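Examining the three-dimensional arrangement
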Amino acid sequence: MKQYDDIYKALSRPCYVMEEQLLRRNLQTIKQVADAAGVEIILAFKAFALWKTFPVFREYIHATTASSLWEARLADEEFGTKAHTYSPAYTTDELADIARCSSHLTFNSFSQYRRCRESAHLANPSLSFGLRVNPEYSEIETELYNPCAPGTRFGVMAEQMPACLPDDIEGLHCHCHCESGSDVFARTLKYIEDKFSPWLKQVKWVNFGGGHLMTRKDYDIQLLVDTLRAFRARYPHLRVILEPGSAFGWQTGPLVSQVVDVVENRGIQTAILNVSFTCHMPDCLEMPYTPVVRGAEIVDETQRFDAHVYRLGGNSCLSGDFMGYWHFDHALEVGETVIFEDMLHYTTVKTTMFNGITHPSLAFLHEDGQLEILREFGYEDYKNRMD
């Protein structure tokens, strides 16, 4: 938030900052949706796993979802509840540990179920088994993020389902959204029911996955609540679960960086920062999307030669580690702060130490304005990755 600009400008090194006030705003919205719709909404670690903030999360939600052994351990050891776990493939050497850290275990295929169910049950007899299904419908336009694209490795299609599910398959899991609106969910739900209603009647729970961006300003929350209520009326025996990630961390804080140099090539000015798009903001290049920079306006290539227009460049050796263009109201200077908005969800869990570049710190800005540094990274963190 702009009220904290002076705090951010006082930082001399790059830092991700989560603002407690913004986090609580999102958590309150999510809890209100869950209560109104009569469903359970849980945190997906694949989008946000800053575990030192979990005490705040536990005031509003009661469970999390994992996609790997380490995420399942984080749920069990740091959040304090067993994970709702799904993985495209469980490996033999990790399965027992994953099972012990999980309350729900969803299989990607029947072959995985047959191969793993006995060992998983021996490790944790109280597990609830689920099966991921594929409705063959998604409105995600970026292929990299579309789990229902033709040839996908995710989930069982309706034509591959037996008439009766095995007795110990208690749930169905379906994920086909990415930062989507409730109108997309309403349309997608029709496909899910058309394809899988015979099996929805056979199970105890259904997990509609993530990608429900209910904390975005233009999200139609009432449509989501109405859609979920209507579904529950049709299937009153089902426990309904949603597991968004971005919705929790959406617009809860920035990545703060500093200008290291300004270079010019054929009339294009590039401000080189002490952060990297490929290392610290990878979704910007993968999606791709141009992030909002505080105090600057995104402009197109036709304005690239205008005064105070800059590309922003990362400090890695990757040639494409840059984005642009932004118009500032002044000439950028070395040492100046550049703030990338909305950089907590996904970004913090996808960073790398490519090139051995100094990694941004992690901080929590309390509601009283006190900045707490949660973690600083050093040479040993880089070195130990290669150990």
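The coordinates are above.
Per chain, residue numbering runs from 1 following the sequence as it is written. Only residues with pLDDT of 70 or above have their local features reported here, since the model is predicted, and side-chain atom pairs are shown and tallied only from 80 upward, although totals for entire chains, interfaces and linings are computed over all residues. Hydrogens and water are ignored here; the side-chain numbers use all heavy atoms of the structure.

As defined here, a cavity is a set of points on a 1 Å grid over the protein atoms alone where a 1.4 Å probe fits but cannot get out. A pocket is an open set with protein on both sides within 12 Å along at least five of seven lines, and residues line them when an atom is within 4 Å of a point. Grid points are joined across faces, edges and corners, and a volume is the space filled by probe spheres set on the points. Roughly 260 Å³ of volume is contained in the second largest pocket. Taken together, Asp 5, Lys 9, Arg 294, Gly 295, Phe 328, Asp 329, His 330, Gly 335, Glu 336, Thr 337, Val 338 and Ile 339 make up the lining of the second largest pocket. Working definition: helices are DSSP H or I runs of at least four residues, strands are E runs of at least two. Numbering for both runs from the N terminus. Contributions of two or more residues to the lining of the second largest pocket are made by helix H1 (5-9) and strand S16 (337-340). The leading source of residues in the lining of the second largest pocket is S16, at three residues. Residues are grouped as follows: nonpolar covers Ala, Val, Leu, Ile, Met, Phe, Trp, Tyr, Cys and Pro; charged covers Asp, Glu, Lys and Arg; every other residue, Gly included, is treated as polar. Tallied by class, the residues present in the lining of the second largest pocket amount to three nonpolar, four polar and five charged.

Applying the stated criterion across every chain, the model contains two cavities of 30 Å³ or more. As a volume, the largest cavity reaches approximately 50 Å³. Surrounding the largest cavity, Thr 65, His 84, Thr 85, Tyr 86, His 104, Thr 106, His 173, Trp 205, Asn 207 and Glu 243 form its lining. A per-element tally of the lining of the largest cavity places strand S5 (residues 83-86) first, with three residues. A class-by-class count of the residues in the lining of the largest cavity yields two nonpolar, seven polar and one charged. Within this model, the second largest cavity holds a volume of roughly 30 Å³. Considering the residues around the second largest cavity, the lining is formed by Val 133, Leu 172, Cys 174, Ile 192, Phe 196, Leu 200, Val 206 and Phe 208. With three residues, helix H7 (residues 182-200) is the single largest residue contributor to the lining of the second largest cavity. Classifying every residue of the lining of the second largest cavity gives eight nonpolar, no polar and no charged.

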